[in-house]
Amino acid sequence: MTPPIAPRWVVRHPLWPLIALHVLLAVQVPVYTTLGMDGPPGNPVVATVAFVLTLCLSLRHSLAASRGEHPAGWPWTLVALVILANVPLWWFGSNWQAFTAFALASIVMLLRGRLMLFAAIAQLLHNPVKEVIAMLRDGTHTIPQVLLLAAYSLFILILYAGTLVGGARLVRLLNELEAARTELAATAVGEERIRVSRDLHDLLGQSLSAISLKGDLALRLLAKDTAAARAEIDGLTGVARDALRDVRAITRDEHSVSLRTEIDGAAALLGAAGVDTRLDVADLPPLSGPAQNALAWAIREGTTNLLRHSDARTCTITLTHHQGTVRLEIVNDGVQPPSASRSDLTRTPPGTGLSGLAERTRAASGTWLTTAHDGLFLLSVEVPEEVA
């Protein structure tokens, strides 16, 4: 199983790391201003108020970007953030520099096209240009020192802003990942329900038909031949046990079918029902698992439908092999007339066993069809020997 790309608590609560990142970067300004890291100590009240305003504005932009949205009135809040980050910079110096990263990140997240490019370049150059002007006026730095400090200021700004933009985009990706996981889980549950429904229908359909058949036969024999009736009841209980075992296998997705077993079982069940059954099964080459499963399920479904939906007296099951494909044909003479109360198989509604048969045939890269003509009903399934 593929491991998650992030800890589970981060995926479930991705906003908290993003908020913490904003706080850690923004808190530098009141700390540096109060301590006077660049020049004399400043007013801590002004720095704290600016910290709160900048943090709120930047978080508003970042949280909206993490949802793939623009907040209401964003042009005005963006202008307010840019002014708050850049104007006091000329008085507070590099103590205020961290706020410019929030302005640059918001510009990248909110603007598009050339406007974003020009605004981002202007924001990038503002602080380095200001630093160069201040150092040249001071006259205590050499030209290489001035250029180095300007490059460092530019690098820090890009690093901070990139971290903020990347954090917002990471939250968006984590939210999309969680939504995809939820959708995949729902899809997997739905597919499992379909599989269980299909397998229950296909497996229990024949088992219940056999139980009903043997029960009716036992009732008819009970008054005439007690020993034969007891034998049918024993057979009935055996079929019931097999059905119970099949249900347990279905719940664990461990059930498998055998083509030869299904052929023999169909012949025995149809014979017990009084249907004259003819088997024309050629020697087949070894078949791939999907091909054998598709043909075995087709025999089971065809037999079940014959017993439940027709009054057939004869049935022919033919398996032929030709040029890398195997063809199964089940023909019976039990087509109901249009006025009959039971619908024939050609009008089987979606969701019945034939739809499950169609799914299995497609999974084996095969084709299937049903036709009714001149009182005969044909179920035909054709699959390749080897399924890619």
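Small disclaimer: the values here were computed from a predicted structure and weren't measured.

(A) Spatial organisation of the packing of helix α2 (residues 15-26) against helix α3 (residues 28-35). Contact geometry of α2 with α3 gives a least axis separation of 5 Å together with a crossing angle of 15°. When the interaxial angle is binned, α2 and α3 end up roughly parallel. Residues L24, L25 and A26 of α2 form the contact with α3, whose participating residues are Q28, V29 and P30. Tallied by class, residues from the contact of α2 with α3 come to five nonpolar, one polar and no charged.

(B) Representation of the side chain of N127 in the model. Among the secondary structure elements, N127 is positioned in helix α8 (residues 113-138). With relative accessibility at 1%, the residue N127 sits in the buried group. With residues up to four places along the chain from it excluded, the contact list for N127 reads L89, Q97 and S153.

(C) Broad picture of the pattern of salt bridges. Counted according to the given criterion, the structure contains six salt bridges. A salt bridge links E176 to R172, with the shortest nitrogen-to-oxygen separation between them at 3.5 Å. On the criterion of helical spacing, the pair formed by E176 and R172 is a turn pair, its members being four residues apart in helix α9 (residues 143-222). A relative accessible area of 43% means that E176 is categorised as partly exposed. With a relative accessible area of 38%, R172 lands in the partly exposed category. Of the charged contacts in the structure, one is a salt bridge between R300 and E262, with a shortest N-O distance of 3.1 Å.

The rules behind these values
Residues numbered from 1 in each chain as written. Predicted model: local features only at pLDDT ≥ 70, side-chain atom pairs only at ≥ 80, totals over all residues. Heavy atoms only, no water. Axes fitted to C-alpha atoms, helices over the stretch in contact; angles between N-to-C directions. Helix = DSSP H or I, 4+ residues; strand = E, 2+ residues; numbered from the N terminus. Parallel < 35°, antiparallel > 145°, perpendicular 65-115°, else oblique. Contact = heavy atoms within 4.5 Å. Nonpolar A, V, L, I, M, F, W, Y, C, P; charged D, E, K, R; others polar. Buried < 20%, exposed > 50% of the residue type's maximum accessible area, 1.4 Å probe, protein only. Salt bridge = Lys/Arg side-chain N within 4 Å of Asp/Glu carboxyl O.

Remember, this is a structural readout, not a statement about activity or role.
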